[in-house]
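Now for the letters of each chain:
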Amino acid sequence: MNLKYRRLKGTRDIMLEEVERWRWCEDRWSETLARYGYGEIRTPVIEPLELFQRSVGEGTDIVDKEMYSFETKGGERLVLRPEMTASVARAYLENGLTRQPGILKFWYMAPMFRHDRPQAGRYRQFHQVGVEAIGSPSAVLDAEVIQTLLALFDAVDARDLTLLLNSIGCAACRPAFVASLRKYLEANRERLPESLRARIDHNPLRLYDAKEEDVAKLMVGHPPISEHLCEDCRRHHAIVKECLDGLGIGFEEDPTLVRGLDYYSRTTFEVTARTERKQSSLAGGGRYDGLIAQCGGPETPAIGFSLGIERTLLHLGDDPVDPQRCRQSVVDVYVACFGDQAERYALAHADILRDVCRVEIDLSGRSLKAQAKGANQRLARALIVVGPEEVANDVFQLKNLATGEQQAIARDKILTAVREVLAL
């Protein structure tokens, strides 16, 4: 077959059984987030380019290399959103939510877009579930947000995870650390790959994110940011750890964990899973007390996280399904039809069953043997057979696939009979 069109590199088609697995996770995540007091938010996929240039930061890989940006015919510079926090901050301000009292808690489940190098669990269109809690500087809220993230993993029975924790300071103490780090890196500039040297000027913290082993060794040679925290940041971090201990949540402190976005302050955290001989990041987040003011609003403390759905499903062992070999979603009752008249009869009279269960009417024109095989592939619990004789007598042949028992049921009694078979 000579295909004219193929999906873009770094994107995927999600269908059939795999969609069922996504829905299973999504349902549990939305239920969990509701229990923690979060309400859903949905923002546009396209946003102003400047929103992410200012919030995420010039010099970051996302802004410099990975954003899908374009200019419209009217001259607007737009972007496919690469992350959600800046979009939520924009929506929070634009919709006048600064007047709302207390903490506003949002959750989202949506696609993001980055021109990244595709690999296992990493795509150019990828999906995240995440939260943003806006309106409180409390370190206790930080611990609750982390607790919420771990509850999402518990909801889908994800195991063998590690929580990494750090504080990257605030506007009062981080500048002195950045200045010290920049001086150290300038003295060692020749040890850095030329492609990374510009980060010394833009934001030397970005070098903690570099994947090169030699760069990681160089960064360890400078005292960590934990040794430069002001008293307020030390106290904030101590409370977060105390609360996590009180919740029975284990964690590892990682002084190199700065996350890849410029808007973070104080608490940063990440959840990783071991794959073969390395750790793979599944989720991460942190506090961003300056972002909303940076977007034009009042000083507003906030914290959030995002969880990578593809990466999490991969960790759960949900490999992509081969659509040529898989069954479709499970049904309760499978209706096999023999002939055009039987198909019309089933269409007109079997729909009543959908009031109580999942029904598939086979209109493929295949043999009854092939349709019965289809019922088994769909894991049906009951099979209804309709042919010319059933149409003439106004009945359905109903077979309990667990017991093998089969009987003719009058059309007006079929709903009751199906209820009995399915124990509804």
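Remember, it's a predicted structure, so these values are computed and weren't measured experimentally.

Student: So what about a nonpolar patch on the surface? Which residues, and what values?
Tutor: Together, V45, I46 and F70 give the surface a local cluster of nonpolar side chains, amounting to about 230 Å² of exposed area. Position of F70 among the secondary structure elements: in strand 3 (residues 68-71). F70 sits in the partly exposed class, given a relative accessible area of 37%.

Student: Talk me through the nonpolar core; I want residue IDs and the actual numbers.
Tutor: I134 and L207 are the most contacted members of the largest nonpolar core, which has 50 residues in total. At the level of elements, helix 2 (49-55), helix 3 (61-66), helix 4 (85-94), strand 5 (104-113), strand 6 (125-134), helix 6 (174-187), helix 8 (213-220) and helix 10 (291-294) are the ones that each hand at least two residues to this core. When neighbours within four sequence positions are excluded, I134 is seen to be in contact with V88, Y92, G102, I103, L104, F106, Y288, I292, T300, P301 and A302. Y38, W107, I249 and F305 belong to the second largest nonpolar core, which has 35 residues in total.

Student: Tell me about the packing of helix 5 (residues 139-155) against helix 9 (residues 231-246), and please be specific about residues and values.
Tutor: A pair of packed helices is captured by two measures, namely the crossing angle of their axes and the spacing between those axes. Between helix 5 and helix 9, whose axes approach to 8 Å, the crossing angle comes to 45°. The angle between helix 5 and helix 9 places the two elements in the oblique class. For the crossing formed where helix 5 meets helix 9, the hand is right-handed. Contacts between helix 5 and helix 9 involve A139, V140, D142, A143 and I146 on the former and, on the latter, H236, I239, V240, C243 and L244. In the contact of helix 5 with helix 9, the residues fall into eight nonpolar, one polar and one charged.

Student: Got a sec to walk through the packing of aromatic side chains? Specific residues and values, please.
Tutor: With the rule as written, the count across this model stands at three aromatic pairs. Measuring from centroid to centroid gives 5.3 Å for Y345 and F396, while their planes differ by 50°, and the two rings are tilted. Taken together, the residues Y345 in helix 12 (residues 340-349) and F396 in strand 15 (residues 395-400) connect sequence positions 51 residues apart. Judged by its relative accessible area of 0%, F396 is buried. Site record: aromatic cluster; members linked through ring pairs are Y263, Y264 and Y288.

Student: Go over the sheet that holds strand 16 (residues 406-410), please, and point to the residues and values.
Tutor: Read from one edge to the other, the open sheet built from five strands follows the order 13-12-14-15-16, with strand pairing classed as mixed. The open sheet is flanked by strand 13 (359-362) and strand 16, the only strands paired with a single partner. Taken pair by pair, the neighbouring strands of this sheet meet at an average axis angle of 25°, ignoring direction. As paired elements, strand 12 (residues 333-337) and strand 13 share four bridges and run parallel to each other. Its bridge partner lying in strand 13, A336 is registered against D362. Taken strand by strand, helix 12 contacts strand 12, strand 13, strand 14 (382-386) and strand 15, and its axis lies near 150° from that of strand 12. Its contacts with the sheet put helix 15 (residues 414-422) on strand 12, strand 14, strand 15 and strand 16, and the angle it makes with strand 15 is roughly 0°.

Student: Residue-level account of the side chain of T300, with values.
Tutor: Note that T300 resides in the loop between helix 10 and strand 11 (302-308). Of the residues examined, T300 reaches a relative accessible area of 7% and is grouped as buried. Of the polar contacts made by the side chain of T300, one reaches the backbone oxygen of P298; its length is 2.9 Å. When residues no more than four places from it in sequence are discounted, the contact partners of T300 are Y92, I134, G135, Y288, D289 and I292.

Student: I'd like to hear about the pattern of salt bridges, residue by residue, with values.
Tutor: If you walk through the whole model with that rule in mind, you get 22 salt bridges. E18 is paired through a salt bridge with R12; the nearest N and O atoms lie 2.8 Å apart. Of the residues examined, E18 reaches a relative accessible area of 6% and is grouped as buried. Between E94 and R90 there is a salt bridge; the shortest N-O distance is 3.2 Å. Taken together, the positions of E94 and R90, both in helix 4 and four residues apart, correspond to about one turn of that helix. When its relative accessible area of 59% is taken as the criterion, E94 is described as exposed. On the accessibility criterion, R90 (19% relative accessible area) is buried. The structure contains a network of salt bridges with shared partners spanning E47, R90 and E94.

Student: How would you sum up helix 6? Please name residues and give values.
Tutor: Along its 14 residues, helix 6 runs 20 Å from first to last C-alpha, staying within 8% of the 20 Å computed at 1.5 Å per residue. Residues of helix 6 that are buried include every one of R174, F177, V178, L181 and L185, and no others. Down the axis of helix 6, the buried set is contained in an arc of 100°. They therefore lie on one face. Exposed residues pointing more than 90 degrees away from the buried face of helix 6 are listed as A176, K183 and A187.

Student: Could you give an account of unusual backbone geometry, naming the residues involved and the relevant values?
Tutor: Notably, D394 is not glycine yet its phi reads approximately 55°, a positive angle. Residue placement: D394 occurs in the loop between helix 14 (388-393) and strand 15. Of note, A423 is a non-glycine position whose phi angle comes to about 55°, a positive value. A423 sits in the exposed class, given a relative accessible area of 67%.

About the cut-offs
- Residues numbered from 1 in each chain as written.
- Predicted model: local features only at pLDDT ≥ 70, side-chain atom pairs only at ≥ 80, totals over all residues.
- Heavy atoms only, no water.
- Patch = residues over 30% accessible without salt bridge, like charges linked within 9 Å, V, L, I, M, F, W, Y side chains within 5 Å.
- Areas by Shrake-Rupley, 256 points an atom, 1.4 Å probe, with all protein chains shown as cover.
- Salt bridge = Lys/Arg side-chain N within 4 Å of Asp/Glu carboxyl O.
- Helix = DSSP H or I, 4+ residues; strand = E, 2+ residues; numbered from the N terminus.
- Buried < 20%, exposed > 50% of the residue type's maximum accessible area, 1.4 Å probe, protein only.
- Core = buried A, V, L, I, M, F, W, Y, C linked by side-chain atoms within 4.5 Å.
- Contact = heavy atoms within 4.5 Å.
- Axes fitted to C-alpha atoms, helices over the stretch in contact; angles between N-to-C directions.
- Parallel < 35°, antiparallel > 145°, perpendicular 65-115°, else oblique.
- Left-handed = near helix turned anticlockwise from the far one by under 90°.
- Nonpolar A, V, L, I, M, F, W, Y, C, P; charged D, E, K, R; others polar.
- Phe/Tyr/Trp six-rings, centres within 6.5 Å; stacked < 30°, edge-to-face > 60°.
- Pairing = 2+ DSSP bridges.
- Polar contact = N/O pair within 3.5 Å; in protein donor to acceptor, adjacent residues only side chain to side chain.
- Expected span 1.5 Å × (residues − 1).
- Arc of directions from axis to C-beta.

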